[in-house]
Amino acid sequence: MIPGLIRNPFSHRNKAGNDTLPADAARLFGAHVAAPDTPEKLVQVLRGFADSGVDIIAVDGGDGTVREVLTALPPAYGAAPPALAILAAGKTNLIAADVGTTGYGPRGLAGLVRAAHEGTLGTRMTQRPVLSLHWPDGEHRPVRGMFMGAGAFTRGTDLANAAIHKAGFTQEIAVALTMAGVLGRALIGNDSHGWLAGEVLGATVDQLPAEDGNRFLFLATTLDKLILGLWPFWDEGTKPLRFLDVAANPPGLLGALPRLMTGRPSMAMRRTGAYRSGGADQIELRLTRPLIMDGETYPAGRVILSAPDRIRFVQP
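Residues numbered from 1 in each chain as written. Predicted model: local features only at pLDDT ≥ 70, side-chain atom pairs only at ≥ 80, totals over all residues. Heavy atoms only, no water.

Draft legend 1. Examining the overall build of the chain more closely. Along its length, the chain carries 9 helices and 17 strands. Counting only residues that meet the buried cut, the chain has 52% of its 316 residues in that class. When contacts within the chain are restricted to residue pairs at least 6 apart in sequence, long-range pairs at least 24 apart make up 71% of them. Carbon and sulfur atoms provide 55% of the accessible area of the chain, an area that totals close to 13700 Å². (Helix = DSSP H or I, 4+ residues; strand = E, 2+ residues; numbered from the N terminus. Buried < 20%, exposed > 50% of the residue type's maximum accessible area, 1.4 Å probe, protein only. Contact = heavy atoms within 4.5 Å. Areas by Shrake-Rupley, 256 points an atom, 1.4 Å probe, with all protein chains shown as cover.)

Draft legend 2. Structural view of helix H3 (residues 63-77). For H3, spanning 15 residues, the distance from its first C-alpha to its last is 20 Å, which sits close to the expected 21 Å at 1.5 Å a residue. At Thr71, H3 shows its largest kink, close to 25 degrees, and the proline Pro74 lies no more than four residues downstream. Counting buried residues along H3, 12 of its 15 residues qualify, which places the element largely inside the surrounding structure. If you check which residues of H3 are buried, you get Asp63, Thr65, Val66, Arg67, Glu68, Val69, Leu70, Thr71, Ala72, Leu73, Ala76 and Tyr77. After H3 finishes, the residue Gly78 shows a positive phi value of roughly 70 degrees. (Expected span 1.5 Å × (residues − 1). Bend = angle between axes of the 7 residues up to and from the residue.)

Draft legend 3. Up close: the packing of aromatic side chains. Under the defined criterion, the tally for this structure stands at 4 aromatic pairs. Note on Trp135 and Tyr298: the rings are 6.1 Å apart at their centroids and 45 degrees apart in plane angle, and the pair reads as tilted. Residue Trp135 is found in the loop between strand E6 (131-134) and strand E7 (143-145), and its partner Tyr298 is found in strand E15 (residues 296-298); the two are separated by 163 residues along the sequence. Judged by its relative accessible area of 4%, Tyr298 falls in the buried class. (Phe/Tyr/Trp six-rings, centres within 6.5 Å; stacked < 30°, edge-to-face > 60°.)

Draft legend 4. Summary view of the side chain of Arg7. Here Arg7 shows up in strand E1 (residues 3-7). Polar side-chain contacts of Arg7 include one of 3.3 Å to the side chain of Asp60. (Polar contact = N/O pair within 3.5 Å; in protein donor to acceptor, adjacent residues only side chain to side chain.)

Draft legend 5. Local environment of the environment of Asp137. Mapped onto the secondary structure, Asp137 falls in the loop between E6 and E7. In this structure Asp137 comes out as exposed when scored by relative accessible area, which is 51%. Between the C-alpha atoms of Asp137 and Val303, which are 166 residues apart in sequence, the distance is 9.0 Å.

Draft legend 6. Layout of the side chain of Arg276. With respect to the element layout, Arg276 can be found in strand E12 (residues 275-280). In this structure Arg276 comes out as buried when scored by relative accessible area, which is 14%. In this structure Arg276 touches Ala203, Val205, Leu208, Pro209, Glu211, Trp234, Phe243, Leu244 and Asp245, once residues within four positions along its chain are discounted.

Draft legend 7. Structural context of the nonpolar core. Formed by 51 residues in total, the largest nonpolar core has its most connected members in Leu46, Ile57, Leu73, Leu84, Leu260 and Tyr275. If we ignore the near neighbours within four places in the chain, the residues touching Leu84 are Ile57, Val59, Val69, Leu70, Leu73, Ile311, Arg312, Phe313 and Val314. One finds Leu133, Leu287, Met293 and Leu305 within the second-largest nonpolar core, a separate group that totals 23 residues. (Core = buried A, V, L, I, M, F, W, Y, C linked by side-chain atoms within 4.5 Å.)

Draft legend 8. Fine view of the pattern of salt bridges. This structure, assessed with the given rule, holds 18 salt bridges. The partner of Glu68 in a salt bridge is Arg141, with the nearest N and O atoms 2.9 Å apart. Of this pair, Glu68 sits in helix H3 while Arg141 sits in the loop between E6 and E7, placing them 73 residues apart in sequence. Taking relative accessible area as the criterion, Arg141 reaches 35% and is therefore assigned partly exposed. (Salt bridge = Lys/Arg side-chain N within 4 Å of Asp/Glu carboxyl O.)

Draft legend 9. Focus on the pairing of E12. Judged by how many residues are buried, E12 sits mostly within the fold: 6 of 6 residues are covered. The alternating pattern of E12 places Tyr275, Ser277 and Gly279 on one face and Arg276, Gly278 and Ala280 on the opposite face, and all of these are buried. One ladder, built from 6 bridges, connects strand E11 (residues 241-247) with E12; its direction is antiparallel. When the bridges of E12 are listed, Leu241 appears paired with Ala280. (Pairing = 2+ DSSP bridges.)

Below is the structure:
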């Protein structure tokens, strides 16, 4: 197998690091090392990798870097994408936490080098569907990643980026703390910003009738697990997209919260119709506010979610 390396020197855990590769890593990757700083340059680099037969790409960055690589793979590799090995170097590393990582920085690179020398690099892999977003009006380029959120998730991420990150928390912890604070204020009757009233958001899941009106929270993922034991999805079956759709002002939220966060809805929650989760092949969203995809903000509008492709991830 021929490995290549895409590095993001601006990732959270790389900013203070040394940009020089260790000698053994430099020998492993050879000329197939790049740190492109625009999506266009990334596609060019990956096309060069494809022409050289690179079939395992180590991604030295966080969820955002993985998202950019996943987005650039189709125009570079077509229908035969390489496997990815993730070095968890970002503020958000949900993908690495799910599919596995050899670590970040020198430790992660050392793990890849060791596996290559032992002949085990690429012998253990897992697959995940890729979450694809496209805007039918063509106003934004398609994006591919693994986790998206809208409604309260967008607001929580915005607050986390503005305030809690300054205290040094990773984005996963920051968003969790922000959401906890928001829910706490709402549940004790001090929802001063009206979060529980939600926002206008329409969601059509496969062929089911559209769910319109104000929604409090919408999430979708192709991952198999999240962090901190959270898994707010249920009834997903074998379909590639897992989604959670919570209506505005959901009844009984205080009692429902532990079950909501662990994917164990009560019969009362199911009967209300305010807490909807399951699996899908395609979801159409009509958003009036931006969404978040793997840590990045994207514009509102009509957005189609699907997961037609799968990617192999090298497991350490």
